[in-house]
Structure formats: C-alpha cells, structure tokens
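Descriptive analysis of the structure
Here are the chains, one letter per residue:
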Amino acid sequence: MPTQSPVESPADLVARLRATFRTGRTKDLDWRTGQLTRLRALLTEHGDELAEALHADLGKSRTESYRTEIDFTIREIDHTLEHLADWLRPEPAPVPAQLAAAGATAHTVLDPLGVVLVIAPWNYPAQLLLAPVVGALASGNCVVAKPSELAAATSAAVARLLPRYLDTDAVAVVEGAVPETTALLEQRFDHIFYTGNGTVGRIVMAAAARHLTPVTLELGGKSPAFVDRDTDLKTVAARLASGKFLNAGQTCVAPDYVLTDPETGAALADALAGAVESLFGSDPATHAEYGRIVNERHFDRLVGLLDSGRTVTGGVHDRETRYIAPTVLADVSPDSPVMGEEIFGPILPIVTVDGLDAAIDFVNDRDKPLALYAFTGSDAVRDRLLAETSSGGVGLGLPLAHLTVSDLPFGGVGESGMGSYHGPYSIETFSHRKAVLDTPLG
C-alpha cells in the first residue's frame, strides 16, 4: 500500500486522497468498520505511549490521559461500531397523496462528503483530533488530520502511529504550525472541522468560503455556572472544582465563572477552598493528578488575570514549571480583566448578582457560551434557565459530563461555534443527506 511522501505538497496530498475517494472503496461498510477497528487497536496497543506524550505536553497524569483522551475515544469508537449500520440505513419519508397514488416512494440516504480536514487544538490533543476522525471515517470519507503543534509530543506520536494502522491512501497526518495550516486551507476540501478559538475560526471560515466548503467550528467562550441559594454547597463546590481544574482548567467546557447571590457567594468561596484541598492536597504542585499550563505565553496571560479579585485559595505560580495553583477569586467585578476573555486556565471567579433575573440578564448580555451549568433544586429555576438563555449545551447539577454522552450532540452556538458531533451527529456532520424520490414508469 503506498504511503505519503515526506515532500508531498498539500495540493498533491488532497488530489491523492480524492482519487481514493472516487474509487468508492471508502463507502463500503466493511472498510469503515475496519478503519475504526484499526484505530481502536492503535489506542489500546499504544495508549501508554500517547499518555507519555500527553504528560510531556500538558503534565497530564496517566489516569487523566486515559480517562479524558484515550478511553474517551475508544468509547466513541465502540458506540459507533455498535450502531453504524443502523445510522446509515435509508430513512423513509412520506409523499403527497397524488404521488402515492402513482406508486411513488421517498427516502433519504447519507452520502460521504469526500475529503475532509480535521484541525485539532492543543488542550486535548489526542481526543479532539481522533474523535472527529472517528466520525469522518465512519461516514466514509478520506481524512487529512492536522494535530496541534503546541502539543508537539502528542502530534509526533499521532503522526508516527496513524499511518501504521489506517489506510494511507485515505488518511494522512500533516504536522506543522501556521504555514502548514495555511497551505492546507488553500486547498479545496469537502468539509473542514476546526476546534479552537474564535480568532482562528474566522480565518478557517474565510478560507473555506473561497471554495464554498462547509465548516464545523467547535469554539469556546465563557461558560457560566449559576449556583442557586439553598443548595448543598459542599457538593456543588466539589463538582465545580473537579470540572474547573481538570487539565489545569484548559478545557473548553470548563465552568469559566460562577454567578450567585452575595450571601451564597461568600459561603461557596469557603466551600471551594475546601474542595480544592480535598482534590489536590495542601500543595497541588506536588499532586500527581494536577497538570501544567501548555506554554509560557499562556502562563503569562493567566498570571495577568490573577489580580482580578480577592484570592480565596491558590494564586501561587511558577513560570519555570508552568504551574499555576487552582485559584478561586471572590469580589470579582464584571468589568475586571478575568471577565473580559475566556480564562482557559485554573482560575475560577465568583461574580455576585441579585438573583436569578440578574443572572439571566448577565448571561444574555454576553456572547452565547459553549455550555451553561446550573446547580439548583428548583424545577422552575431550571425551566427558566433552559427557556431564557442560549448555549451550546446545558449541564444541570454536574459540569462537563454532557460531553461524555455519545447520543447527545456536542457543539456551540453563535460565538461558541457552529455544527455538532459525537455519535449519530458525527455521521450527519460528515455526510450529505440526499433526497430520493422513486416514481414507477408503469
């Protein structure tokens, strides 16, 4: 089987993959399931190698690497293998009476799009590259996978391993930074799937527009967590801390800030300090499960946000090791620096408002977030938050977990992105649902 040449140009690469697609072999169900099975084998046989790369890039522990990246992707593969044949079946559609009288029937079929480009970020560099690739392969496409250069060890591992397991006539990995990504974006793809920030998302969308290429943009934003009065603050604090400080806060759906009333905010601040110590001990820098900031640029940006409020816990940092302690800030003003951008790090500000009405207005006055979280025992409060705010997804009582449900779509809205994936929604994203009307001649 031919392999990708090291000097292959982006144009030649896309042309080669498109020639493979036109043979029709990637449309075969056995080819699709075979590729998914091979990708699963890569993850099971080289999981430790990937975990070592993730530790080198982000200080992730082996446990966290498996839970959030390797095993996460394996579950996505297993779910897809179990249900793919059903998801691909033609879907019947009713026809008007006059056509039915003529014996006409209607249905839709899912066609693969062709050659797709998947551009991954650095924060979950294995999962956020390979989970979209699962959907692209399951849909019968050829794929160019572009890992993040900021997670250099993971990028190198993926580039080395994928060609050993997958069909190199149909799947290619392109490493590199801005020049390599720019060169790829000059090519005509049939779909581009980008995960990252809004600034680059706009560049991707502009490049795609030149070819009328559809895009999926998985972006981010400031995901709020509303904490109602009269909740079990110890439980709330434990769940908030676990979700916020996973991967040292470098998670697109991490709770970005807390909204609550002043009295609840004061009690919650103390509860969060206790929750952080329960998770990581008195010195998180020595805890095996606490990661590091990806590079010095992001470290410096985050340190610049630490003075945005009163430090309840944390605030300690070390540039040499890229360590920032899990930090909770109280008395945070809405116009403080930490509220001006997505934090994407281990800093959790508490912003106080005068109740639910003010919290809803606060959320709606800002860009639509990727996720919204609520901790409340009131059905009426839940209903109002669901009805009166807009976000990519909602977690009631638990942050981040909606991402793990394969039959829920994951994606943003407005500034937090467009399109969705996971499970059957990945198939919809990487396919065209083609309408078919069949009317007998006789």
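Residues numbered from 1 in each chain as written. Predicted model: local features only at pLDDT ≥ 70, side-chain atom pairs only at ≥ 80, totals over all residues. Heavy atoms only, no water.

Attention now moves to the overall build of the chain. Broken down by element type, the chain carries 15 helices and 18 strands. Compactness check: the chain gives a C-alpha radius of gyration of 23 Å against a globular reference of 22 Å for 442 residues, within 12% of the reference. On the principal axes, the C-alpha backbone points of the chain span a range of 75 × 55 × 35 Å. Out of the 442 residues belonging to the chain, those deemed buried represent 54%. The long-range fraction of contacts in the chain, counting pairs at least 24 apart against all pairs at least 6 apart in sequence, stands at 71%. Carbon and sulfur atoms form 53% of the exposed surface of the chain, whose accessible area is close to 18,400 Å². (Helix = DSSP H or I, 4+ residues; strand = E, 2+ residues; numbered from the N terminus. Rg over C-alpha atoms; globule rule 2.2 N^0.38 Å. Buried < 20%, exposed > 50% of the residue type's maximum accessible area, 1.4 Å probe, protein only. Contact = heavy atoms within 4.5 Å. Areas by Shrake-Rupley, 256 points an atom, 1.4 Å probe, with all protein chains shown as cover.)

Glancing now at the environment of Thr154. You can see Thr154 is positioned in helix α7 (residues 152–165). The sequence separation of Thr154 and Glu8 amounts to 146 residues, and the corresponding C-alpha distance is 22 Å. Not counting the four nearest positions on each side in its chain, Thr154 is found in contact with Ala53, Leu54, Asp57, Pro125 and Ala126. Separated by 2.7 Å, the side chains of Thr154 and Asp57 make a polar contact. (Polar contact = N/O pair within 3.5 Å; in protein donor to acceptor, adjacent residues only side chain to side chain.)

Take the confidence of the model for the chain next. For the chain, the mean per-residue pLDDT works out to 97, and 99% of the residues sit at or above 70. Predicted confidence is poor over residues 1–5, with pLDDT under 50, and the contacts of this stretch with residues over four places away or in other chains come to eleven contacts. (pLDDT = per-residue confidence, 0-100.)

Counting buried positions along strand β6 (residues 191–195) yields five of five residues, so the element is predominantly enclosed. Sheet analysis places strand β3 (residues 115–119) next to β6, joined by four bridges and oriented parallel. By the bridge assignment, Val116 is partnered in β6 with His191. Where β6 lies against strand β7 (residues 215–218), four bridges are found, and the strand directions are parallel. Bridge pairing in β7 links Tyr194 to Leu217. (Pairing = 2+ DSSP bridges.)

Backbone hydrogen bonds hold the strands of a sheet together, and the pairing may be parallel or antiparallel. Within the open sheet, the six strands sit side by side as β5-β4-β3-β6-β7-β17. Their pairing is mixed. With one partner strand each, in any of the chains shown, β5 (171–173) and β17 (417–418) form the two edges of the open sheet. This element, helix α6 (residues 127–138), spans β3, β4 (142–146), β5 and β6 of the sheet and lies at about 170° to β4. (Axes fitted to C-alpha atoms, helices over the stretch in contact; angles between N-to-C directions.)

The next subject is the layout of surface pockets. Counted as a void, the largest pocket has a volume near 1,300 Å³. Surrounding the largest pocket, 47 residues form its lining, Tyr194, Gly196, Asn197, Gly198 and Thr199 being those nearest its centre. Of all elements in the fold, only α8 (178–185), β6, α9 (198–209) and α12 (296–303) reach the threshold of two or more residues within the lining of the largest pocket. At six residues, the largest contribution of residues to the lining of the largest pocket is made by α9. Looking at the lining of the largest pocket residue by residue, the class counts come to 21 nonpolar, 13 polar and 13 charged. Taken as a whole, the second largest pocket spans an internal volume of roughly 550 Å³. Together, 32 residues line the second largest pocket, and Arg67, Thr68, Ser242, Leu246 and Leu400 are the ones closest to its centre. (1 Å grid on protein atoms, 1.4 Å probe; cavity = no way out; pocket = protein on both sides within 12 Å on 5 of 7 lines; lining within 4 Å. Points joined across faces, edges and corners; volume = space filled by probe spheres on them. Nonpolar A, V, L, I, M, F, W, Y, C, P; charged D, E, K, R; others polar.)

As a further point, take the pattern of salt bridges. On inspection of all chains with the given rule, the structure shows 22 salt bridges. A salt bridge links Arg40 to Asp78, with the nearest nitrogen and oxygen atoms 2.6 Å apart. Pair noted here: Arg40 is in helix α2 (residues 29–45) and Asp78 is in helix α4 (residues 62–88), with a separation of 38 residues, a long-range link. With its nearest N and O atoms 3.5 Å apart, the salt bridge here joins Lys146 to Glu149. It is possible to trace a salt-bridge network through shared partners that takes in Arg18, Arg188 and Asp190. (Salt bridge = Lys/Arg side-chain N within 4 Å of Asp/Glu carboxyl O.)

Phi angles above zero are rare outside glycine, and Ala248 is one such case at about 50°. Relative accessible area serves as the criterion here: at 0%, Ala248 is assigned to the buried category. Although it is not a glycine, Phe344 adopts a positive phi angle of roughly 55°. In this structure, Phe344 sits in the loop between β13 (327–330) and β14 (347–352).

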